[in-house]
Amino acid sequence: MRYSRIISRSAAPLAALALPLVLAGPSAAVSGISVSTSGANVSVVTSACAQNNGSWGTASLLSSGRTSFAQGRQVALSGTTVSQSAAWSGVAPGTYTVMVVCSNGLSAGTQVVIVSAASTPTVAASAAVRPAPSRGVLGGLGGSARDYGALTLGVGAALVGSAVITGAWFLRRRPRSHRRY
């Protein structure tokens, strides 16, 4: 009888935790950014930003070793509802990170680009266009920015739930020194 009370007490909180995860589903995909180089010029194009208070957003060119958006060379995005762009000229050869933040504060994307001394355009092979996390960086969840499906979240919730139930059962079954039989 007491085991059924433990299970019934822990089932409601577990359901309350799992329900938002299952109902959340996949988030809206962000279109990302496209970066190109031509000699000492770097340009970025995106269609992910919407105009807010007369501004589309800002693009930042970060040299190697820089990680913060504010540390880079910032340029305001210009364009239309279909496409927004920014450009930098006089960029020295090296590896750079291009970050685009829309005027609503959401990231449109980040891409690494290599500016070579030659006049031929070069883009880093590992610079795949990835959509930015829709909820920011999930540092507390291992830094994962991948959006998992409902099945994966359901299995994870079931594993966590079974661990909670098993832990409660073991804590309840342990001998206590103050009990008298």
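Let me begin by describing the structure that accompanies this report.

Calculation notes
- Residues numbered from 1 in each chain as written.
- Predicted model: local features only at pLDDT ≥ 70, side-chain atom pairs only at ≥ 80, totals over all residues.
- Heavy atoms only, no water.
- Buried < 20%, exposed > 50% of the residue type's maximum accessible area, 1.4 Å probe, protein only.
- Helix = DSSP H or I, 4+ residues; strand = E, 2+ residues; numbered from the N terminus.
- Pairing = 2+ DSSP bridges.
- Core = buried A, V, L, I, M, F, W, Y, C linked by side-chain atoms within 4.5 Å.
- Contact = heavy atoms within 4.5 Å.

## Some remarks on the pairing of strand β1 (residues 33-38)
Next up, step 1: Only one face of β1 is buried, namely the one carrying Ile33, Val35 and Thr37, since none of Ser34, Ser36 and Ser38 on the opposite face is buried.
Next up, step 2: With 6 bridges joining them, β1 and strand β2 (residues 41-46) adopt antiparallel strand pairing. Directly across from Val35, in β2, lies its bridge partner Val44.
Next up, step 3: The hairpin formed by β1 and β2 contains 2 residues between the paired strands, and Gly39 there has a positive phi angle of roughly 65°.

## Description of the pairing of strand β8 (residues 107-115)
Across a regular strand the side chains alternate sides, sitting on one face of the sheet and then on the other.
Next up, step 1: Two strands pair when backbone bridges link them, and strand β7 (residues 94-102) and β8 are joined in this way by 8 bridges, in the antiparallel orientation. Residue pairing in the sheet places Tyr96 in a bridge with Val113 of β8.
Next up, step 2: Here β7 folds back onto β8 in antiparallel fashion, the turn holding 4 residues, of which Gly105 has a positive phi close to 95°.

## Looking at the nonpolar core
Next up, step 1: Judged by nonpolar contacts, the single largest core of 19 residues is most densely connected at Val42, Val44, Trp88, Val98 and Val100.
Next up, step 2: Leave out the neighbours within four places in its chain, and Val42 touches Val35, Ser36, Thr37, Leu61, Ala86, Ala87, Trp88, Val91, Val98, Val113 and Val115.

So yeah, pure geometry; function would need other evidence.
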